[in-house]
Amino acid sequence: AWFRDEALQRVLALLDADGGEGRVVGGAVRNSLMGLPVADIDIATTLLPETVVERAEAAGIKAVPTGIAHGTVTLVIDGKPFEITTLRRDVETDGRRAVVAFSRDWQADAERRDLTINALYASADGVVVDLVGGLADLERRNIRFIGDAATRIAEDHLRILRFFRFFAYYGTGRPDAEGLRACAAAKSKISTLSAERVWSEMKKLLAAPDPGRALLWMRQIGILTEVLPETEKWGIDAIPGLIAAEQALGWPAEALLRLAAIVPPDAARLAKLAERLRLSKAEGAYLQAWANAPIVKDDISEAAFDRLLYRHDQTGVAVRLKLALAVARSKAEGDFEEMARVARLGKLLERTANWKKPAFPLNGADALATGVNPGPRVGELLGKIEQEWLDGNFLMNRASLLARLKDLANA
Ligand code: ATP
Ligand code: MG
């Protein structure tokens, strides 16, 4: 049905006119053949980027030159973006990124792509064009490089990670032996890639419905250590339990939660990881919040837990609880103690999700109003009373807190 989309058909008709040709390519074709949702639609065309822009503008369609040098123009119809890329062939490479030239040759365009399942095209009538044996591989869920695996990896070492990313999402059984061997042989080259490309690929891999098998293979041949040396001693044994918990409890598939399951909660090392892989500020903060959150005993009282939530980052505590719950869950079968632990951790997790941090009812002005001189004494006094308020389970109201403040200030 996505193929009969009016906007898509308009774009393809535009490209197909006057000796030009346009075909959907890559993820959209692959996913629709697998019956999976189609995210963004990439289109390949024999037309040059300037021509695509001209035709779009003549038809009153907004054209954004997102990467004219690489041959990419984005057309936006009804708010939907379509990435139109001129056919290309590889000309040279430094292993960090292939250098390409425009062409009008579909076979050459297919052959410069990474994996056979990513090189399927579909024309406007929905007919699939398979130039590198992608359909047979898709059917067998075989993730395979186009041509000689070692050569293709040498052209762009990111393809090592892409091999495992696509294996995580669409593969089955053992990874293709030639691909696996070529990845293992070239693993030391991952460090020459830009951190942004590595993390972007790794993040997608970690967010797969179940990245477990891919991570195991990556670990087996020493690739996981290249990207995440933090996993070396820690191991990846927590992944199956986490995935099972996510699926049973409806937690979303989050790359960072999966990452937290395989690296130690060490704030200093995680800061280095974030720096090395150029994580976003928010991603770095997530890991820090987790590392700085306390270990929560599952039999903690509600009151004590509320105090803990008041003093610590809610997201970080939730990550701690989820990981602990996943571990308990995987040990729970037939073990009543672990089953009870799972239930208690689940309650704490729910409490964390619903937690609204209460606002401390006093401020600096209240302290000054009691006659205390401006300075460190103000913070000290307020801090003391805030702790008493916490110890009293947030029950003391403003009036009683003010009275207490006066007492302390004049003591
Ligand atoms: P999704 O968008 O679902 O992650 P996709 O297959 O569309 O999957 P993209 O990363 O969007 O993946 O790339 C679009 C297409 O471009 C791929 O299907 C592949 O044919 C080609 N491609 C992308 N990156 C590379 C690369 N490093 N080497 C060779 N071909 C690539
Ligand atoms: Mg895509």
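Predicted, not measured: the structure shown is a model, and the values here were computed from it.

## Quick look at the overall build of the protein chain
In terms of helices and strands, the protein chain carries 22 helices and nine strands. When its C-alpha atoms are laid out on the principal axes, the protein chain stretches across 90 × 55 × 40 Å. Classification of the 411 residues of the protein chain by burial places 35% in the buried group. Of the contacts formed within the protein chain by residues at least 6 apart in sequence, a portion of 61% connects residues at least 24 apart.

## A few points about the sheet that holds strand 3 (residues 62–67)
In space, the seven strands of this open sheet follow the order 3-4-5-2-1-8-9, with mixed pairing throughout. In this open sheet, the two edge strands, each paired with only one partner strand, are strand 3 and strand 9 (128–130). Ignoring strand direction, the axes of neighbouring strands in this sheet form an average angle of 35 degrees. As judged from the four bridges shared by strand 3 and strand 4 (residues 72–77), these two strands associate in the antiparallel manner. Opposite Lys 62, over in strand 4, you have Val 76 as the bridge partner. Lying over the sheet, helix 3 (residues 49–58) contacts strand 2 (41–45), strand 3, strand 4 and strand 5 (80–86), oriented at roughly 160 degrees with respect to strand 3.

## Examining helix 2 (residues 27–34)
Of all the positions in helix 2, only Ala 28, Val 29, Arg 30 and Ser 32 are classed as buried. For helix 2, the elements touching its buried residues are strand 1 (22–25), strand 2, strand 8 (120–122), strand 9 and helix 5 (134–140).

## Here we look at the site of ligand 1
For ligand 1, the set of nearby residues contains 13 residues, the closest of which are Gly 26, Gly 27, Arg 113, Asp 114 and Asn 118. The element contributing the most residues to the shell around ligand 1 is helix 7 (residues 158–170), with three residues. In terms of residue class, the shell around ligand 1 is made up of three nonpolar, three polar and seven charged. When residues of the shell around ligand 1 are assigned to domains, at least three fall in each of domain 1 (1–140) and domain 2 (146–227).

## A short note on the packing of helix 14 (residues 255–262) against helix 18 (residues 314–331)
In contact at an axis separation of 11 Å, helix 14 and helix 18 are set at 65 degrees when each is read in the N-to-C sense. For the crossing formed where helix 14 meets helix 18, the hand is right-handed. In contact with Leu 257, Ala 260 and Ala 261 of helix 14, helix 18 contributes Val 319, Lys 322 and Leu 323. Taken together, the residues of the contact of helix 14 with helix 18 break down into five nonpolar, no polar and one charged.

## Focus on the UniProt feature "domain: Poly A polymerase head" (unreviewed entry) in the protein chain
UniProt feature "domain: Poly A polymerase head" (unreviewed entry): in the numbering of this structure it lies at residues 23–144. Between the C-alpha atoms that bound residues 23–144 there is a distance of 22 Å. The span itself is 25% helix and 36% strand.

## What about the environment of Arg 307?
Residue placement: Arg 307 occurs in helix 17 (residues 302–311). Classification of Arg 307 as partly exposed rests on a count of 17 C-beta atoms within 10 Å.

## A short note on the environment of Lys 357
The residue Lys 357 is located in the loop between helix 19 (336–354) and helix 20 (364–369) in this model. The sequence separation of Lys 357 and Arg 307 amounts to 50 residues, and the corresponding C-alpha distance is 9.8 Å.

## Here we look at the nonpolar core
Of all hydrophobic cores here, the largest spans 92 residues; its most connected members are Phe 164, Ala 214 and Ala 260. Looking at which domains feed residues into this core, each of domain 1 (1–140) and domain 2 (146–227) gives three or more. Ala 214 has contacts with Phe 164, Phe 167, Ala 168, Leu 205 and Ala 208, leaving out every residue within four places of it along the chain. In this structure, Ala 367, Trp 389, Leu 401 and Leu 405 belong to the second largest nonpolar core, which totals seven residues.

The rules we used
Residues numbered from 1 in each chain as written. Chains lettered and ligands numbered in written order. Predicted model: local features only at pLDDT ≥ 70, side-chain atom pairs only at ≥ 80, totals over all residues. Helix = DSSP H or I, 4+ residues; strand = E, 2+ residues; numbered from the N terminus. Buried ≥ 20, exposed ≤ 12 C-beta atoms within 10 Å, placed from the backbone. Contact = placed C-beta atoms within 7 Å. Pairing = 2+ DSSP bridges. Axes fitted to C-alpha atoms, helices over the stretch in contact; angles between N-to-C directions. Near = placed C-beta within 6 Å. Nonpolar A, V, L, I, M, F, W, Y, C, P; charged D, E, K, R; others polar. Domains from an automatic or database assignment. Left-handed = near helix turned anticlockwise from the far one by under 90°. UniProt positions renumbered as here; feature names shortened; annotations may be inferred. Core = buried A, V, L, I, M, F, W, Y, C linked by C-beta atoms within 7 Å.

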